[in-house]
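# A look at the structure
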Amino acid sequence: MKRIGVLTSGGDAPGMNSAIRAVVRKAIYHGLEVFGIYQGYNGLINGMIKKLELGSVGDIIHRGGTILRSARCAEFKTQEGQKQGIEQLKAFGIEGLVVIGGDGSYRGAKALTDLGFPCIGIPGTIDNDIPGTEFTIGFDTALNTVIDAVDKIRDTASSHERTFIIEVMGRGAGDLALWAGLAGGAETIIIPEDSYSMDDIKRRLLKGHERGKKHSIIIVAEGVMSGNEFAQKLKEATNMETRVSVLGHIQRGGSPTAADRVLASRLGSRAIELLLENRGGLAVGIEKNKIVEHDFSEIFRENHQVDLNMYKLSKELSI
Ligand code: ATP
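Residues numbered from 1 in each chain as written. Predicted model: local features only at pLDDT ≥ 70, side-chain atom pairs only at ≥ 80, totals over all residues. Heavy atoms only, no water.

## Quick notes on the environment of Thr156
Relative to the elements of secondary structure, Thr156 occurs in helix α5 (residues 139–159). Expressed as a C-alpha distance, the spacing of Thr156 and His215, which sit 59 residues apart in the sequence, is 9.0 Å. (Helix = DSSP H or I, 4+ residues; strand = E, 2+ residues; numbered from the N terminus.)

In structure tokens:
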């Protein structure tokens, strides 16, 4: 293999730039030429492809977003779109591709591999919802952004003796809500992976109030319901007035944490090693602090699991 490509796809995540940098530098270190594909699969189909040099990825390790930009592309879900993509890659003499994104992006990468074009997936999403890795690039940064907001909201909640409901991202996975809730000392965490009991929440809030607690923080993952919807339900059940804070897209931005930069560097490096071994159809990940790889098909068979022991712990610590 002499030439490889790299693209970012799906929702952006802090640390994607650190991963691009690692892919480009490691590839050049091993004598490969690297091409950046702009705007995900959309740019692949349309030939938005440019050669990247060592300097192209200078000064980006600490920057949020993705210099290659990202996009969603319905056309790429068709075999025609995928074949067009392969034609473009071949026109540039590219023989292997690194795809940084979420599970939808992995499906695109698997489709290309099945058509004979080797691809490696790197997990980049703040949701931490990809099987085959304990952490995705961007999760730690988003978590720290949420914690920063929770700490600030806690200051005002406690000054005004208020209950705050904080809505965080996570359509299908409760990791961000759970980790933020545990690290932020939330009284209640609502995640898609488990049901909640309004009676239990009411009992906890009253118990806390009786022992003189000045504030309560409730974290709701957006996949369960919106913060406003939950506030309404809580009001119906307890007559309690709350304030709602929807954190929204700030969770996707910002400079990646050291943990995300290191993870991105390790995963990016492994992706290149696999392509150099002429291997494709694999997604890299981290398990027990070791860099691992799994077949895409293995990843699609599994469902992401939130750590329910941690969920139990959060309840034990917030009595
Ligand atoms: P995130 O979950 O963080 O938003 P993602 O990678 O899962 O990231 P998607 O929008 O699901 O985001 O997928 C990104 C792109 O991957 C899609 O716009 C499409 O081009 C491609 N893709 C998704 N599913 C498939 C599929 N089944 N086959 C081929 N390509 C796909």
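This is not the end of the story, as more comes after the structure.
## Some points on the domain arrangement of the protein
Taken domain by domain, the protein comprises domain 1 (3–138 + 256–301) and domain 2 (140–253). Each side of the interface is counted separately: domain 1 has 14 residues, and domain 2 has 14 residues. One salt bridge in this structure joins Asp12 and Arg252, with 3.0 Å as the shortest N-O distance. Where domain 1 meets domain 2, there are 9 residue pairs in polar contact (both at pLDDT 80 or more). (Domains from an automatic or database assignment. Contact = heavy atoms within 4.5 Å. Salt bridge = Lys/Arg side-chain N within 4 Å of Asp/Glu carboxyl O. Polar contact = N/O pair within 3.5 Å; in protein donor to acceptor, adjacent residues only side chain to side chain.)

## As for the side chain of Thr257
Following the sequence through the fold, Thr257 ends up in the loop between β9 (242–246) and α9 (258–276). Since its relative accessible area comes to 18%, Thr257 is described here as buried. Leaving out residues up to four positions away in the same chain, Thr257 has contacts with Asp140, Thr141 and Asn144. (Buried < 20%, exposed > 50% of the residue type's maximum accessible area, 1.4 Å probe, protein only.)

## Description of the state of the cysteines
Applying the stated criterion across every chain yields a total of 0 disulfides. Between Cys73, a free cysteine, and Cys119, which holds the nearest cysteine sulfur, the sulfur-to-sulfur gap is 14 Å. Since its relative accessible area comes to 14%, Cys73 is described here as buried. (Disulfide = S-S within 2.5 Å.)

## Some points on the UniProt feature "domain: Phosphofructokinase" (unreviewed entry) in the protein
Under the present numbering, the feature "domain: Phosphofructokinase" (unreviewed entry) in UniProt falls on residues 3–275. A distance of 10 Å separates the end C-alpha atoms of residues 3–275, which is 44% helix and 17% strand. (UniProt positions renumbered as here; feature names shortened; annotations may be inferred.)

## What about the sheet that holds strand β5 (residues 119–123)?
On the basis of which strands lie adjacent, the open sheet formed by 7 strands has the order β3-β2-β1-β4-β5-β10-β11 and mixed pairing. The two strands at the open ends of the sheet, each matched to only one other strand, are β3 (49–52) and β11 (290–295). Mean inter-strand twist for the sheet, computed between neighbouring axes without regard to direction, equals 30°. Judged from the 5 bridges that link them, strand β4 (residues 96–101) and β5 form a sheet pairing that is parallel. By the bridge assignment, Val99 is partnered in β5 with Gly121. (Pairing = 2+ DSSP bridges. Axes fitted to C-alpha atoms, helices over the stretch in contact; angles between N-to-C directions.)

## Notes on the nonpolar core
In terms of nonpolar packing, the biggest core is built from 59 residues, with Val98 and Ile122 touching the most fellow members. The leading source of residues in this core is α5, at 9 residues. When we break this core down by domain, the ones giving at least three residues each are domain 1 (3–138 + 256–301) and domain 2 (140–253). For Val98, the contacting residues outside a window of four places in its chain are Gly5, Val6, Leu7, Val23, Ile120, Ile122, Ala271, Ile272 and Leu275. (Core = buried A, V, L, I, M, F, W, Y, C linked by side-chain atoms within 4.5 Å.)

## Here's the deal with the sheet that holds β9
Taken together, 4 strands build an open sheet; the order of strands is β7-β8-β6-β9 and the sheet is parallel. In this open sheet, the two strands that pair with only one neighbour each are β7 (188–190) and β9. For this sheet the average axis-to-axis angle between neighbouring strands, irrespective of direction, equals 20°. Note: strand β6 (residues 163–168) against strand β8 (residues 216–221), 6 bridges, orientation parallel. Its bridge partner being in β8, Glu167 is matched across the sheet by Val220.

## Structural notes on the site of the ligand
Near the ligand there are 17 residues, and of these Arg72, Cys73, Gly102, Gly104 and Ser105 occur at the shortest range. Separating an oxygen atom of the ligand from a backbone N or O atom of Gly11 is a distance of 3.2 Å. Between the ligand and the protein, one listed contact pairs an oxygen atom with a side-chain N or O atom of Arg72 at 2.5 Å. Relative to its unbound accessible area of 630 Å², the ligand is 82% covered by the protein chains. Per-element tally for the shell around the ligand: the top contributor is helix α4 (residues 103–114), with 5 residues. Residues of the shell around the ligand, tallied by class, amount to 3 nonpolar, 9 polar and 5 charged. (Near = heavy atom within 4 Å. Areas by Shrake-Rupley, 256 points an atom, 1.4 Å probe, with all protein chains shown as cover. Nonpolar A, V, L, I, M, F, W, Y, C, P; charged D, E, K, R; others polar.)

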